[in-house]
Amino acid sequence: FLHHAILEAGMDVGIVNSHELLAVDELEEDIRIACEDLVFNKTEDATEDMLTRTAYERACIDARKKGLAPPRKPRGKPVNRPRLEFAYDKVEPVPVNEPPCPNTPAAKNKVPNPYLNSNITHEKIAAIRAKAKFSDPNKTIDTINIDYSQPNDLYPESFPHFVRGRDSVRSYIASLFTSRIAAYDGAMGTMIQNYSKRNKLDEEEYRGTQFADWKCNVKGNNDMLSITQPHVISGIYKEYLESGSDLIGTNTFSSTTIAMADYEMEDYAYELNYEGARLAREACDEMTAKDPTKPRFVCGAVGPTNRTGSISPSVEDPSSRNVTFDELVDTYFEQVVGLVDGGADILNVETIFDTLNAKAALYAIGEYLEFSGLDIPVFVSGTLVDQSGRTLSGQTGEAFYASIRHSKPMCVGLNCALGAEHMVPFVERLSKVVECFMHVYSNAGLPNAMGGYDDTPEDMAEANRVFFENGWLNMVGGCCGSTPPHIKAIAAVAAQYPPRKLPDVGRPKMWLSGLEDLVVEDVHNHLGMPFLNVGERCNISGSLKFKRLMMAGDYGAAMDIAKKQVEDGAHVIDINVDDGLLDGLAAMQKFVKIAVTEPEVSKVPFMLDASKFEIVLAGLKWCQGKSIVNSISLKVGKELFIEQATLLKKHGAAVVVMAFDEEGQAATEEEKVRICKRSYDVLVNEVGFPPEDIIFDPNVLTIGTGMEEHANYGVDFINATKRIKEECPYVKISGGISNLSFGFRGVTKIRESIHSVFLHHAILEAGMDVGIVNSHELLAVDELEEDIRIACEDLVFNKTEDATEDMLTRTAYERACIDARKKGLAPPRKPRGKPVNRPRLEFAYDKVEPVPVNEPPCPNTPAAKNKVPNPYLNSNITHEKIAAIRAKAKFSDPNKTIDTINIDYSQPNDLYPESFPHFVRGRDSVRSYIASLFTSRIAAYDGAMGTMIQNYSKRNKLDEEEYRGTQFADWKCNVKGNNDMLSITQPHVISGIYKEYLESGSDLIGTNTFSSTTIAMADYEMEDYAYELNYEGARLAREACDEMTAKDPTKPRFVCGAVGPTNRTGSISPSVEDPSSRNVTFDELVDTYFEQVVGLVDGGADILNVETIFDTLNAKAALYAIGEYLEFSGLDIPVFVSGTLVDQSGRTLSGQTGEAFYASIRHSKPMCVGLNCALGAEHMVPFVERLSKVVECFMHVYSNAGLPNAMGGYDDTPEDMAEANRVFFENGWLNMVGGCCGSTPPHIKAIAAVAAQYPPRKLPDVGRPKMWLSGLEDLVVEDVHNHLGMPFLNVGERCNISGSLKFKRLMMAGDYGAAMDIAKKQVEDGAHVIDINVDDGLLDGLAAMQKFVKIAVTEPEVSKVPFMLDASKFEIVLAGLKWCQGKSIVNSISLKVGKELFIEQATLLKKHGAAVVVMAFDEEGQAATEEEKVRICKRSYDVLVNEVGFPPEDIIFDPNVLTIGTGMEEHANYGVDFINATKRIKEECPYVKISGGISNLSFGFRGVTKIRESIHSVFLHHAIL
């Protein structure tokens, strides 16, 4: 399960027992197959088979207790082998200016259409005209005009002018589409609806005078308005042309005899098409005349009809159809005659929801062009009906293109069904493969509840922009809901971008299709061989079981055989119903018609195989995909061979050509080469058959018969294969492999071993491409036992005279082995090599290249995103929480109150000039200014406040009396050492220090508020004065900065409000006896920091600096408080964050690395991050270097002046410190530099002087976002591989009460110490993250979660990894989260609680910086099916990303791993649903992760670990890869 979920669907995270995870390659082959059957619900017996195997494994457990361990047989993972290359494979692709061209003389030579349709007299065209019926009795085919040539000199000859009859439409469109993105029109139906809202357009108007007495209602038959209300249609044409359309589609979407049968108007099909095109012709000519530099073109619209060739109208009979291919061809041919006679320049087969209908239309067009000799470009437009990216008949966009590309359309694209934004992934995928020009004409969004479309022209234009930005289109228009204003807006945006460049043309390849496409040259089979497996079991000659079913008419069971072949590795299904007792024509058609309705069968292409050509042709007419026909040959004579090949070419089929000619079958090497080369020359040079679509079968003949003349057949085939491929470029070589070993039937092992050796050499050494095989039984040559391999090589290569005899002897031995196996004796397995890291499945958004930026990541607030200047009018900020802080503020001066102090600092807008480097408060954005400053030079911060106060006290009296001042003369405790209070009692001292730093060159200074929190001030019993301390500390800095700025306005100075760590820690226990003890809570920290922030901002701070972080949990509380303040105030105040690594371990006091510290706080989007204190600059070097490699914002350092000496002082001189900092500047690591303990103004001056010699750090390029978790160490989830080499995050499940009985017992007993040992063991065994869940009805979950986390964070071997906090109650995970200094995952939230509460919970988690697991639940319950999983996850994603602003990379969806193998039918597909949903969710929800509780999957097999882990292995293999 995990193998596939991770590597194939992109699953990222799982709650697992890491110790017991197995790699899928370690599984025994039979158990792997059983697990795949179960996980993917491949067979009805999957559960029963697994239960049987489980019983066996239980017996094995008993055997192991006796010391008998069963041997394992793991084999190495097959590696894709390179395809043998020939000279023509090495030709480099070349640029082109035109798309692939139809293989007709007119098209190849760009012969202009003369527009003299009256000269076209082919009998089939003439017959259409002759039977044409006209609504006007005065009109006949002889009285209407069908010629549209223009005088050669009507307009100038050079592009962009165009004259009909003189210029080639094909050449003109190529020039147009390569010079700019052309504009198509919009919706005809929408415009008719809009007209009817303003004008009467009811049944009477639809009938007009022509059909006044018509026999049935016709309202809604929009196409007939071309006859009855031509002014309406002409008006619409003209509106689109005036809006900028270069090409317009005719009002003929339903103008076929088939569609018109609804209105009993089949007889008027010709007239409907003629008039629809004629009106468009006239409108285009009128518009062209106004501006001949912009000629307009008529696209004859060929719609899909209202019947489908691929879909049964009967739920009871999948073989039923309401139309045949030939009927479709006939109706389309009539339509084409009418459109061209009406003046169409181009034919557009559009809105294809069933590709078989489109193929019929293209066949009809091909016939018309052949009969007329004209070159008329063809456009083809598919319709993908929903976000599955498939047509109604089930094809992917790529498969649709592969199915119709034989018609050489000039332009291909998508229209209808979806809005532009929904088409993006499918257009992108198409753009990667389409060889011609590309277009899109999407709907105006998705329909609203009333069936209308809400996208405005501007909306639709913006939605289309992504196509133009990515260079995917050459033409753009609109479909349902679009109008001329929409087209005008889209065209205006398109004009800003160049058109799509045609892809370079390389060597041609065979491109087949069923519901999915398949490029044969790019295929590797399940053994890693460059070889197309053609399944042989739906061939009456290849399977007795299939024969019996076909003779009995049991098509349902026959489909099961087909499905099984696809499951077993067949890339193509061979269908052969040749039997003398069977009506082959009827059987082939019925089988194919049913097969195309079975997605698990028809997802692969078909090989239609019969001895009679009419049988394969009949089958071909029911295949929407590009099939292979098997076979034709020169045996029927050259003339009939050409006729058959020409028909297959028109149908776009590939063909197997047997090495037969008029003289018989080729047996020898020379005969094989001769006949194949002759056939090739006829096909390529006379028929014009694409050489890449030719498969030669040089006849695999039987060896090992004992007849000497047969002995060299294997060698002859292999040698002929290589020669044919050398002499016949681009062809494929195939063969019926089972023929080779026919003499050894009955012993599968021998037969498949012979095939293995033969294919190994034929493929890798001669270039064989294709074979009709039993994929299930194919073996890799490396799997063969050494002795049997040698025997096979002797036989295949005719090495010894005894080769056949030796093989017969070995065959007898194998028959004896069969009897032995029936007695339970299994052969031993061979050990496999060390697993290699598997690549992560990539999605479109993974391939986006990083881009340069000039500003750091910005907080997701309106003020920050829009760089709204802080008005510095704090008196206007009246939020109740801020007002409450001010209201309780206590002042040391009894004459002061909150109402008498100044808290506003705005400046006149014209105080200083507007351009950088000037700055005016209230006018300019601090964020923008700092970004400009930090990208233009390395800014200078200040130095140590404490050192300067100490130095002052050495020169001046500064004892207890001075600390108290007059304000606190009678204070109840000693206060000396409380430096922050000097801002109140000795303001001149603090102001003086501020000014000295500013005079030394500091651009920014920190306020004297390091300890000005209620918590820290409790040491001096001064909690009540916290607001005043912060206010005064900031106010004095504000005044000093303004005084210095006034002296030199080109160097404005800024106040950084210093937010210190407090003297308590959230992560560290103050008790050696009780690791769960704490002396402060997260909420208490938030409250104290919030009060500090209010005071700092009211005092005039420009920036907030959370500094000297030795416990990141405290910093997270400070950042949470700042976030709340900014939310309440609506201000944009940049935030700096500065960590402290306490020693050479490079960790904070609470144990985090620098990278983990950054990962833990980056959610707050700090503008600048760095390190300060504890170390000197030289000691910080390795840690600053590491940080600089990961930090996305600006970086700073303000180090100590070396390490403290024996007296606690600092010895580094200014010059010493400046030199020690130089390494930071030389390496481009910093944007700001200052000093901490021991540094003084001279130190800052010296450091700034050195810094001025170097450029600042460049911000790193921004690429795709990643989930970046942290414990004591950081972890980027997208970069993880687990111990099995899988790109998969192991979340340890054993600290989950539901995942471990042992853990549950320990938690119930309160034995947290032993519970920690379980956590440690999980980390040792490979868990990247520890899941913590204490949900139990008998346990106080809130208390237990908090205690466990508080202890766990003090255990380095546990807390080095991130935590997943897991509970059914949100308050429990939130409580746990508040004790985590790292970035954790919360498991889980969901829409089950309702959207409002979901948003509330998600918003809280976003503020805490947590990642989140979102369960696939909503108000209606749990998602079980694939569609429900995708729907709920996409809805949750949209709410989280678009409404909450939650980072998409921090979202983990759990689409619910549910139990399989229960015996209940409704559970059988749960594995498949999960895996399919995983991929779709990741495609539709960029950057998310997918997780699941893997143990749920195999719950029905509990008690037998081997079985459970085997199931998990298969599941994960597919889910991951």
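Keep in mind that what you see is a predicted model, and the values were worked out from it rather than measured. (Residues numbered from 1 in each chain as written. Predicted model: local features only at pLDDT ≥ 70, side-chain atom pairs only at ≥ 80, totals over all residues. Heavy atoms only, no water.)

(A) How the structure looks around the sheet that holds strand β7 (residues 411–419). Read from one edge of the open sheet, eight strands run β2-β9-β8-β7-β6-β5-β4-β3, paired in parallel fashion. Each edge of the open sheet is held by one strand with a lone partner, namely β2 (182–183) and β3 (247–249). With respect to the sheet, helix α6 (residues 169–179) is in contact with β2, β3, β4 (297–302), β5 (346–352), β6 (378–382), β7, β8 (437–443) and β9 (475–478), its orientation differing from that of β8 by roughly 70°. Of the strands in this sheet, β7 and β8 touch helix α16 (residues 420–431), which is tilted by about 155° from β7. (Pairing = 2+ DSSP bridges. Helix = DSSP H or I, 4+ residues; strand = E, 2+ residues; numbered from the N terminus. Contact = heavy atoms within 4.5 Å. Axes fitted to C-alpha atoms, helices over the stretch in contact; angles between N-to-C directions.)

(B) Representation of the packing of aromatic side chains within the structure. What the rule picks out here adds up to 46 aromatic pairs. Considering the side-chain rings of Phe1082 and Tyr1120, the 5.9 Å spacing of their centres and the 75° angle between planes classify their relative orientation as edge-to-face. Taken together, the residues span a long stretch of sequence, with Phe1082 in helix α39 (residues 1082–1098) and Tyr1120 in helix α40 (residues 1112–1129) at a distance of 38 residues. Across the pair, Tyr1120 and Phe1082 agree in class, each one buried. Through a chain of ring-to-ring contacts, three or more aromatic side chains come together here, namely Phe159, Phe162, Tyr172 and Phe297. Above the face of the Tyr115 ring, Arg164 is positioned so that its terminal group lies 5.6 Å from the ring centre. (Phe/Tyr/Trp six-rings, centres within 6.5 Å; stacked < 30°, edge-to-face > 60°. Buried < 20%, exposed > 50% of the residue type's maximum accessible area, 1.4 Å probe, protein only. Lys NZ or Arg CZ within 6 Å of the ring centre and 35° of its normal.)

(C) Here's a closer look at the sheet that holds strand β12 (residues 532–535). Spatially, the eight strands line up as an open sheet ordered β20-β19-β16-β15-β14-β13-β12-β21, and their pairing is parallel. The sheet is open, and its two borders are formed by β20 (732–733) and β21 (770–773), each paired with just one other strand. Of the pairings in the sheet, the one linking strand β13 (residues 572–576) to strand β14 (residues 606–609) comprises four bridges and is parallel in character. When the bridges of β14 are listed, Asn576 appears paired with Asp609.

(D) Geometry of helix α41 (residues 1154–1161). Buried residues dominate α41, accounting for eight of its eight residues. Every buried residue of α41 is listed here: Gly1154, Glu1155, Ala1156, Phe1157, Tyr1158, Ala1159, Ser1160 and Ile1161.

(E) Just unusual backbone geometry, in detail. Looking along the chain, the bond that leaves Phe159 and enters Pro160 is cis, with omega of 20°. One can find Pro160 in the loop between α5 (123–131) and α6. Geometrically, the link from Phe916 to Pro917 is a cis peptide bond, its omega value of 20° lying close to zero. Inspection of the secondary structure assignment puts Pro917 in the loop between α31 (880–887) and α32 (926–936). Phi at Lys110 is positive, roughly 50°, even though this residue is not glycine.

(F) Spotlight on helix α49 (residues 1370–1377). With seven of its eight residues buried, α49 lies for the most part within the structure. Within the span of α49, buried status applies to Phe1370, Ile1372, Val1373, Leu1374, Ala1375, Gly1376 and Leu1377. For α49, the elements touching its buried residues are α47 (1341–1352), β34 (1363–1366), β35 (1385–1389) and α50 (1395–1408).

(G) Here's a closer look at the packing of helix α27 (residues 748–764) against helix α28 (residues 786–796). Packing of α27 against α28 brings their axes to within 9 Å, and their N-to-C directions diverge by 65°. Crossing of α27 against α28: the hand is right-handed. Two secondary-structure elements touch here, α27 through Lys749, Ile750, Ser753, Ile754, Val757, Phe758 and His761 and α28 through Ile788, Arg789, Cys792, Glu793, Leu795 and Val796. (Left-handed = near helix turned anticlockwise from the far one by under 90°.)

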